[in-house]
Amino acid sequence: MKTEIVHLSQIQVNGANPRKISNTKFDKLVNSILVLPKMLELRPIVVDNTFVALGGNMRYRALTAIADMDENEIKSRLADIRDFQKKTTAEQDYLVEYWLRWQNKPTAQIIKATELSEDEQREFIIKDNVGFGEWDMDALANEWDEKDLDDWGLDVWQNKEWEEGNKSGGTNSTPANTSLNDRFVVPPFSILDTRKGYWQERKKKWRELIGDMGESRNDTLIPASEIKYKDLYQRTRQHREELGISFKEYLDKYVPDDVKEHEAGKILSAGVSLLDPVMAEIVCRWFGLENCKTFDCFAGDSVFGYVSAYLGNDFTGIELRPEQVSLNNERVEGMTARYICDDGQNVARHIAPASQDLLFSCPPYFDLEKYSDLENDASNQDSYEDFIKILENAFKSAVTCLKDDRFAVIVVGDVRDKSTGFYYDFCGDIKRIFKEAGMPLYNEIILIETSASTALRASRYMETRKVAKMHQNILVFYKGNTKEIKKTFKKIEYASEDLELFRVDSGNEPAGTEETV
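Residues numbered from 1 in each chain as written. Predicted model: local features only at pLDDT ≥ 70, side-chain atom pairs only at ≥ 80, totals over all residues. Heavy atoms only, no water.

*Asks:* Got a sec to walk through the overall build of the protein chain? Specific residues and values, please.
*Replies:* When helices and strands are counted, the protein chain shows 26 helices and 14 strands. A buried classification covers 47% of the 517 residues belonging to the protein chain. Here the contacts in the protein chain between residues at least 6 apart in sequence split such that 75% fall between residues at least 24 apart. Put simply, the protein chain shows about 26900 Å² of open surface, and 49% of that area lies on carbon and sulfur atoms. (Helix = DSSP H or I, 4+ residues; strand = E, 2+ residues; numbered from the N terminus. Buried < 20%, exposed > 50% of the residue type's maximum accessible area, 1.4 Å probe, protein only. Contact = heavy atoms within 4.5 Å. Areas by Shrake-Rupley, 256 points an atom, 1.4 Å probe, with all protein chains shown as cover.)

Set out below in structure tokens:
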């Protein structure tokens, strides 16, 4: 079949074409053609003997729209297109001149489907619009810019779609074919990025609701003076070198307490780790059931309990420290959540066997953050072996409290042996514990995070060739027959009021998982 160039007016749109396009997608198609007209040479419009378009109806409509634009509109649209902005001034001028010349005699590349019978033409119309593959999302994320993909019309993760999708309103739940963020909060991929604007804004909403800032354990995570007084550390470097003393000695001898207090106040952190509430919401949405029973044998702060109860679940948390239990119960007062003061190893004393629908936990990371001086506190053990034994006892007991065909979600991050610098393989030990308890690993999700201290740590760590870790592992285990998952867990849909509460704008601010606050 031979390609021809014909006047645009010779082509007729196919009134029976079953393919539709939204206004937003149509605008993106127009922009794509405006900035890359050579694409039309590679994708000619397919017509029958009477010049009715069999394939390429949308491209024909886009060309018709361009033909009707005046010079100012063409220049204005091109100026807003990112791919146009990347071009040199000469390339931009050429493109504008190309379309102005084209408007004097609008044409299109066509191919006549003369060899197709009438039935084959009808078949072609459908098959030409069918996509038989699927995108490799990891490859897209690694090799292409997200904004470029969106400009080119590919459905990528854009919070703007969430906002636009909710302007129509009036429905009780989102249909199954709506965008991923409507249904899953964030894209359900194996990598979650807490630094994204949509994540940050959603977390801000949750933080305002919960009000937990880790008051019961200030400065348990940031003991290093270089981080706590980072501006002072930088400013006094030359003076300390002249004196030949360490920063700690400098603080003790030369810095008054009121100055220390002022400098410490610059750090947007109380030096404690807090669970990320968006991650808590995702766990409940993805791996819990509607109005289900959730529990945690290493409860820590009030975040997961609050989020779980807010979403309509019953929550029971076991927490060792009395002051934390008291604070947590104050925050969830009136909600379907409760915190019990006890050792997590005794979880089965408080929760009946096979009674729970979702186990969630973010246990201590050995000696990375010491929570208390209590003898049975997992973070206060003399050896990693003693620490992991406490977790093993608690988790294996917790598994007995979980119903069959249910999930357990454990958030962990590997920690280094402070004496050798080698990793303990904390994640591997958690996988082993749950496998021995009859719950093999089902999903592993990497949660990317960062904090104000990451750059400082990175510089210091590289002196011994350690890289600054900025991710955690969300390990998802399953108890039962995986064939039952579709029967037990319904498709995820959201009520419109849920989406309205967290309507946000896209951005790019940094964040953390177990966030430092």
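*Asks:* Outline the pattern of salt bridges, listing residues and values.
*Replies:* Under the counting rule described, the total for this entry stands at 20 salt bridges. Of the charged contacts, one joins Asp-357 and Arg-406 as a salt bridge, the two residues approaching to 2.9 Å between their closest N and O atoms. With Asp-357 in strand β10 (residues 356–361) and Arg-406 in strand β11 (residues 402–412), this residue pair connects regions lying 49 residues apart in the sequence. By the burial criterion, Asp-357 is buried, and Arg-406 matches it. (Salt bridge = Lys/Arg side-chain N within 4 Å of Asp/Glu carboxyl O.)

*Asks:* Give me the side chain of Asp-414: which residues, what numbers.
*Replies:* Along the polypeptide, Asp-414 turns up in the loop between β11 and α23 (426–436). Comment: no salt bridge for buried Asp-414; closest opposite-charge side chain is Lys-469, at 7.5 Å. Polar side-chain contacts of Asp-414 include one of 2.9 Å to the backbone nitrogen of Phe-426. Excluding anything up to four places from it in sequence, Asp-414 contacts Tyr-423, Tyr-424, Asp-425, Phe-426, Cys-427 and Lys-469. (Lys, Arg positive; Asp, Glu negative; His and termini not counted. Polar contact = N/O pair within 3.5 Å; in protein donor to acceptor, adjacent residues only side chain to side chain.)

*Asks:* Explain the sheet that holds strand β9 (residues 337–341) to me, using residue names and the numbers behind them.
*Replies:* Spatially, the eight strands line up as an open sheet ordered β5-β12-β13-β11-β10-β7-β8-β9, and their pairing is mixed. Bordering the open sheet on either side are β5 (191–193) and β9, each of which pairs with just one other strand. When the angles between neighbouring strand axes are averaged without regard to direction, this sheet yields 20°. Docked against the sheet, helix α20 (residues 322–331) engages β8 (314–319) and β9, running at close to 165° with respect to β9. In this fold helix α22 (residues 384–401) packs onto β7 (293–296), β10, β11 and β13 (471–479), with an angle of close to 145° to the strand it touches most, β11. (Pairing = 2+ DSSP bridges. Axes fitted to C-alpha atoms, helices over the stretch in contact; angles between N-to-C directions.)

*Asks:* Summarise the nonpolar core; cite the residues concerned and give the values.
*Replies:* The tendency in soluble globular proteins is for nonpolar side chains to be buried side by side. Ranked by size, the top nonpolar core spans 76 residues in total, and within it Ile-430 and Phe-434 carry the most contacts. In terms of residue count, α22 provides more of this core than any other element does, 10 residues in total. (Core = buried A, V, L, I, M, F, W, Y, C linked by side-chain atoms within 4.5 Å.)

*Asks:* So what's going on with the packing of helix α4 (residues 71–79) against helix α6 (residues 89–104)? Residues and values would help.
*Replies:* Where α4 meets α6, the axes come as close as 10 Å, and the angle between the chain directions of the two elements is 145°. In the crossing of α4 with α6, the sense of the turn from one axis to the other is right-handed. Where α4 approaches α6, its residues Glu-71, Ile-74, Lys-75 and Leu-78 are matched on the opposing element by Leu-95, Val-96, Trp-99, Leu-100 and Gln-103. Of the residues contributing to the contact of α4 with α6, the split by class is six nonpolar, one polar and two charged. (Left-handed = near helix turned anticlockwise from the far one by under 90°. Nonpolar A, V, L, I, M, F, W, Y, C, P; charged D, E, K, R; others polar.)

*Asks:* Could you give me a rundown of the environment of Phe-298, with the residues and numbers involved?
*Replies:* Relative to the elements of secondary structure, Phe-298 occurs in the loop between β7 and α19 (303–310). Through-space distance from the C-alpha of Phe-298 to that of Cys-362 is 6.8 Å; in sequence the pair is 64 residues apart. With residues near it in sequence (within four places) discarded, Phe-298 still touches Ile-318, Glu-319, Ser-361, Cys-362, Pro-363, Pro-364, Ile-390, Leu-391, Ala-394 and Phe-395.

*Asks:* Would you mind going over the environment of Ala-458 in detail, with residue names and values included?
*Replies:* Position of Ala-458 among the secondary structure elements: in helix α24 (residues 454–461). As for Ala-458 and Ala-468, which are separated by 10 residues in sequence, their C-alpha atoms are 4.9 Å apart.

*Asks:* Hey, could you go over the confidence of the model for the protein chain for me, with residue numbers and the actual values?
*Replies:* When the pLDDT values of the protein chain are averaged, the result is 81; 75% of them are 70 or greater. Within the model, the stretch residues 157–181 combines pLDDT values under 50 with 54 contacts to residues more than four positions away or in other chains. Segment residues 214–222: pLDDT under 50, and 38 contacts once partners within four positions in sequence are set aside and those in other chains are kept. (pLDDT = per-residue confidence, 0-100.)

*Asks:* Quick one: what's the story with the packing of aromatic side chains, residue by residue and with numbers?
*Replies:* Taken as a whole and assessed by the stated rule, the structure comprises 24 aromatic pairs. Residues Trp-99 and Trp-102 carry aromatic rings whose centres are separated by 5.2 Å and whose planes lie at 80° to one another, so their mutual orientation is edge-to-face. You can see Trp-99 and its partner Trp-102 sitting in helix α6, three residues apart, about one turn around the helix. Here Trp-99 and Trp-102 have matching classes, each one buried. One aromatic cluster is present, formed by Trp-286, Phe-287, Phe-407, Tyr-442, Tyr-478 and Phe-489 through successive ring pairs. The lysine or arginine in question, Arg-61, covers the ring of Phe-26, its NZ or CZ lying 4.8 Å from the ring centre. Its end group placed over the ring of Tyr-423, Arg-416 keeps NZ or CZ at 4.2 Å from the ring centre. (Phe/Tyr/Trp six-rings, centres within 6.5 Å; stacked < 30°, edge-to-face > 60°. Lys NZ or Arg CZ within 6 Å of the ring centre and 35° of its normal.)

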